[in-house]
Amino acid sequence: MTGVTGRAAQPGWLIPALASTGTIAGRNLRRLARVPTLLVLATLQPVLFVLLFTYAFGGAIHVPGVAHYIDYLLPGIIVLAIGFGASQTGVAIAEDLSTGMIDRFRSLPIASGAVLAGRVTADALRNLFVTVLMIAVAAAVGFRFHAGPDAALAAIGFAVATGVAFSWLNLLLGLAVRDPESAGLAGLFPVIILFFTSSTLVPVATMPGWLQAFAKANPITVLTGVLRALCLGGPTARPAIEATAWLVGLLAVTIPAATVRYRDLS
Amino acid sequence: MADAAIVAEGLVKRFGPVAALDGVDLELPAGGVLGLLGPNGAGKTTLVRILATLLRPDRGRARVAGFDIAENPAAVRRLIGLSGQYAAVDPFLTGRENLVMIGRLSGLSRRGARRRAGELIDQLGLAGAAGRLVRTYSGGMRRRLDVAASLLAAPPVLFLDEPTTGLDPRGRLELWQVLGQLAAGGASVLLTTQYIEEAERLAGTIVIIGHGTVIASGAPDQLKAQAGGDRLELQTPPGQDPRQLAGAVAGLGTAQPAVDEASGRVVLPVADGAGILPAVAGRLAGAGLHVSTLALRGPSLEEAFLALTSQPVHPTGSPQ
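Model, not experiment: these values are computed from the prediction. (Residues numbered from 1 in each chain as written. Chains lettered and ligands numbered in written order. Predicted model: local features only at pLDDT ≥ 70, side-chain atom pairs only at ≥ 80, totals over all residues.)

## Examining the overall build of chain A
Right, on to step 1. From N to C terminus, chain A includes 11 helices and zero strands.
Right, on to step 2. Helices and strands in chain A line up, N terminus first, as α-α-α-α-α-α-α-α-α-α-α.
Right, on to step 3. For 266 residues, the compact-globule estimate of 2.2 N^0.38 gives 18 Å, and chain A sits close to it at 20 Å.
Right, on to step 4. By its C-alpha atoms, chain A is 75 × 35 × 35 Å across when sized along the principal axes. (Helix = DSSP H or I, 4+ residues; strand = E, 2+ residues; numbered from the N terminus. Rg over C-alpha atoms; globule rule 2.2 N^0.38 Å.)

The structure is reproduced here in structure tokens:
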């Protein structure tokens, strides 16, 4: 048991912390391809969202000023798919707590944020894949970007950033409730409520007055709004500022709260 | 390492009204193996979690591998390996992937982690299964992988919390061999268990805890003597009164024989088990009695608790 073999040099804390984050991200990416639920959520569900919403609602809903419903719909269901997928992040961290995986990680000499950051990194890559997949399927049924390639890239960037914020939120939820099933519910419930009271399927202007105020401030409306502006064309500054404010606000609360909660686990 | 591997003084941990630890002192010299023995709920896991820096004690202090657990937990983590009560390995990674991951997180280089994972896979007899998802492993294989995961960085101090719980007899034997090798390799090991036999086999020092306090500690033989030595177990054949059997062997042991009328079993505490057999045989022949089986064994945890504390393991008197 003597003579530690090949222990890497420790240049400061940042490089080891990044290396640990990468290792944890690698673990979660491997799981993504091997755990059936995760694989379905990352592949089949996004495809079904595009096809079902397009063909089930597309015939009945005509949004003023939009020629193809899919152009209006896609930004919203990208946000929805990312929100649903993020609930699995809360489930996974709660599972790691109950199986002792977190105990093992906490007994290792790694930065306390690395386990969470690694998880978020893997989620971000998954969400990039999900977003591109949904765009590809939507393109096959008629979706087109109307504001050019730069705006299209910015839309993908906002989608991934949305996923990062949702991942941190679900990590916090999973660490707070500690039970995988409750974590799944806690992650899905707000998304479902916010989804139906948002502009995802229909414009806010078609809702009753009392609901409009809520629907306008709803983060799903705001995040969908910026994606929509970047896909359809039109003014983007205001939606981008609103969305950025929501994302920065969410991250400013959830990152420190989740990190402290993880560090002080018992 | 001149310092002791573990020194704990007056550790107290409360969960609400329950004192999981109520002032525990402990010392493990470098290179030693300490068996922490106690029933469920005795405080074993709480103690391990505190020493492994996962839980903060309410009172008391401890040094592990020379570092204070409260003041320098990061240094402690670089020098310990932990195998918790549940095999904490990822079922959706292969055995090798699990080990390489833990190796990387322990600070090994990519190549170092791979090489060390390969060594441990061979050492723990997992070579045939290293490329399979852990999901397909048996309980015993998972447990061995979990122990391997605690050894990646070759830590000088190892915590093994009930490593054989839930294993079948073969799995237990295999793991005992591995743990014996580790101890022989010079690691300092704190091992918790519910089985006297396991502590006796692996540990140089045994500490018995119950209800959050140390009840007894010492070398296995010493403790066994305190716990009333070995037990001679006689099984009455059908149709014969076990009380007759007890009467025949009374006075041969260190205490009165215990009779379990339902099972027909008579248990006699004895100081010199093997030496007493001829006398027992003589008494039985003299009384014209038969036994269907006769066995000599060490005291069970229940019996040791009774002898050392004159209290049953579970205050309600319902052993699990």
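## Structural notes on the nonpolar core
For soluble globular proteins, nonpolar side chains are generally found buried alongside one another.
Right, on to step 1. Membership of the largest hydrophobic core comes to 156 residues, with the highest contact counts inside it found for A:Leu74, A:Leu227, B:Ile6, B:Leu51 and B:Val64.
Right, on to step 2. Top contributing element to this core by residue count: helix 4 (residues 69-98) of chain A, with 18 residues.
Right, on to step 3. Residues contacting A:Leu227, with those up to four places away along its chain left out, are A:Pro75, A:Ile78, A:Val79, A:Ala155, A:Phe158 and A:Ala159.
Right, on to step 4. Membership of the second largest hydrophobic core comes to 10 residues, among which are B:Leu232, B:Ala248, B:Val259 and B:Val270. (Core = buried A, V, L, I, M, F, W, Y, C linked by C-beta atoms within 7 Å. Buried ≥ 20, exposed ≤ 12 C-beta atoms within 10 Å, placed from the backbone. Contact = placed C-beta atoms within 7 Å.)

## What to know about the packing of helix 10 (residues 219-232) of chain A against helix 11 (residues 237-263) of chain A
Residues and elements named next belong to chain A.
Right, on to step 1. It is the contact of helix 10 with helix 11, at a shortest axis distance of 8 Å, that shows an interaxial angle of 140°. In terms of orientation, helix 10 and helix 11 fall into the oblique class. Both helix 10 and helix 11 take part in a crossing whose hand is left-handed. Two secondary-structure elements touch here, helix 10 through Pro219, Val222, Leu223, Gly225, Val226 and Ala229 and helix 11 through Pro239, Ala240, Glu242, Ala243 and Trp246.
Right, on to step 2. Class assignment for the residues of the contact of helix 10 with helix 11 results in nine nonpolar, one polar and one charged. (Axes fitted to C-alpha atoms, helices over the stretch in contact; angles between N-to-C directions. Parallel < 35°, antiparallel > 145°, perpendicular 65-115°, else oblique. Left-handed = near helix turned anticlockwise from the far one by under 90°. Nonpolar A, V, L, I, M, F, W, Y, C, P; charged D, E, K, R; others polar.)

## Remarks on the pairing of strand 9 (residues 205-210) of chain B
Residues and elements named next belong to chain B.
Right, on to step 1. Of all six residues making up strand 9, six are buried, and the element is well covered by its neighbours.
Right, on to step 2. Burial of strand 9 is two-sided: the residues Thr205, Val207 and Ile209 facing one way and the residues Ile206, Ile208 and Gly210 facing the other way are all buried.
Right, on to step 3. Bridge count between strand 3 (residues 33-37) and strand 9: four bridges; the pairing is parallel. By the bridge assignment, leucine 37 is partnered in strand 9 with isoleucine 208.
Right, on to step 4. Pairing between strand 9 and strand 10 (residues 213-218): five bridges, direction antiparallel. Its bridge partner being in strand 10, isoleucine 206 is matched across the sheet by glycine 218.
Right, on to step 5. Here strand 9 folds back onto strand 10, and the loop between the two strands holds two residues, one of which, histidine 211, carries a positive phi near 50°. (Pairing = 2+ DSSP bridges.)

## As for the pairing of strand 3 of chain B
All names here are of chain B.
Right, on to step 1. Most of strand 3 sits inside the fold, with five of its five residues counted as buried.
Right, on to step 2. Bridging between strand 3 and strand 8 (residues 188-193) involves five bridges; their strand directions are parallel. Pairing of leucine 34 across the sheet is with leucine 190, part of strand 8.

## So, the domain arrangement of chain B
Right, on to step 1. We note that the domain assignment places domain 1 (6-221) and domain 2 (230-297) within chain B.
Right, on to step 2. Taken over C-alpha atoms, the centre of domain 1 of chain B sits 40 Å from the centre of domain 2 of chain B. (Domains from an automatic or database assignment.)

## Points about the interface of chain B and chain A
Right, on to step 1. At the junction of the two partners, chain B supplies 34 residues and chain A supplies 28 residues.
Right, on to step 2. Residue assignment for the side of chain B that touches chain A shows that the elements contributing at least two residues are helix 2 (73-78), strand 6 (80-83), helix 3 (95-105) and helix 4 (110-123) of chain B.
Right, on to step 3. Across the side of chain B that touches chain A, the residue classes tally to 18 nonpolar, eight polar and eight charged.

## Structural notes on the sheet that holds strand 5 (residues 67-68) of chain B
All names here are of chain B.
Right, on to step 1. Taken in spatial order, the four strands make up an open sheet running 2-1-4-5, and their pairing is antiparallel. Looking at which strands have only one partner, the edges of the open sheet turn out to be strand 2 (18-28) and strand 5.
Right, on to step 2. As paired elements, strand 4 (residues 59-64) and strand 5 share two bridges and run antiparallel to each other. Paired with arginine 63 across the strands is aspartate 68, a residue of strand 5.

## Here we look at the sheet that holds strand 9 of chain B
Residue and element names in this part refer to chain B.
Right, on to step 1. Strand order in the open sheet formed by six strands is 6-7-8-3-9-10, with mixed pairing between adjacent strands. The sheet terminates laterally at strand 6 and strand 10, the two strands that pair on one side only. Strand-to-strand twist of the sheet, defined as the mean angle between neighbouring strand axes without regard to direction, takes the value 15°.
Right, on to step 2. Taken together, the four bridges between strand 6 and strand 7 (residues 157-161) define a ladder with parallel strand orientation. Bridge pairing in strand 7 places leucine 82 opposite phenylalanine 159.
Right, on to step 3. Running over the sheet, helix 1 (residues 44-51) touches strand 3, strand 7, strand 8 and strand 9 and is turned about 150° from strand 7.

## Structural notes on the environment of B:Glu71
Right, on to step 1. Note on placement: B:Glu71 falls in the loop between strand 5 and helix 2.
Right, on to step 2. In this structure the C-alpha to C-alpha distance between B:Glu71 and B:Arg61, which are 10 residues apart in sequence, comes to 9.8 Å.

## Things to note about the confidence of the model for chain A
Residues and elements named next belong to chain A.
Right, on to step 1. Summary statistics for chain A give a mean pLDDT of 91 and a share of 96% for residues scoring 70 or more.
Right, on to step 2. Mean pLDDT in chain A bottoms out at helix 2 (residues 36-42), which sits at 88, and peaks at helix 7 (residues 148-177), which reaches 97.
Right, on to step 3. Counted against residues more than four places away or in other chains, residues 1-9, with its pLDDT under 50, gives 25 contacts. (pLDDT = per-residue confidence, 0-100.)

## Some details on the confidence of the model for chain B
All names here are of chain B.
Right, on to step 1. A residue-level look at chain B finds 96% of positions with pLDDT of 70 or above and a mean pLDDT of 89.
Right, on to step 2. Note that residues 315-320 has pLDDT below 50 and, in this model, five contacts with residues that lie over four places away or in other chains.
Right, on to step 3. The complex model carries a pTM of 0.85, and its ipTM stands at 0.89.

## Concerning the packing of helix 7 of chain A against helix 11 of chain A
Residues and elements named next belong to chain A.
Right, on to step 1. Two elements in contact, helix 7 and helix 11, have axes separated by 9 Å at closest approach and are oriented at 35°. As for how helix 7 packs across helix 11, the hand of that crossing is left-handed. Of the residues in helix 11, those touching helix 7 at Phe158, Ala161, Thr162, Ala165, Trp168, Leu169, Leu171, Leu172, Leu175 and Ala176 are Ala243, Leu247, Leu250, Leu251, Thr254, Ile255, Ala257, Ala258, Arg261 and Tyr262.
Right, on to step 2. In terms of residue class, the contact of helix 7 with helix 11 is built from 17 nonpolar, two polar and one charged.

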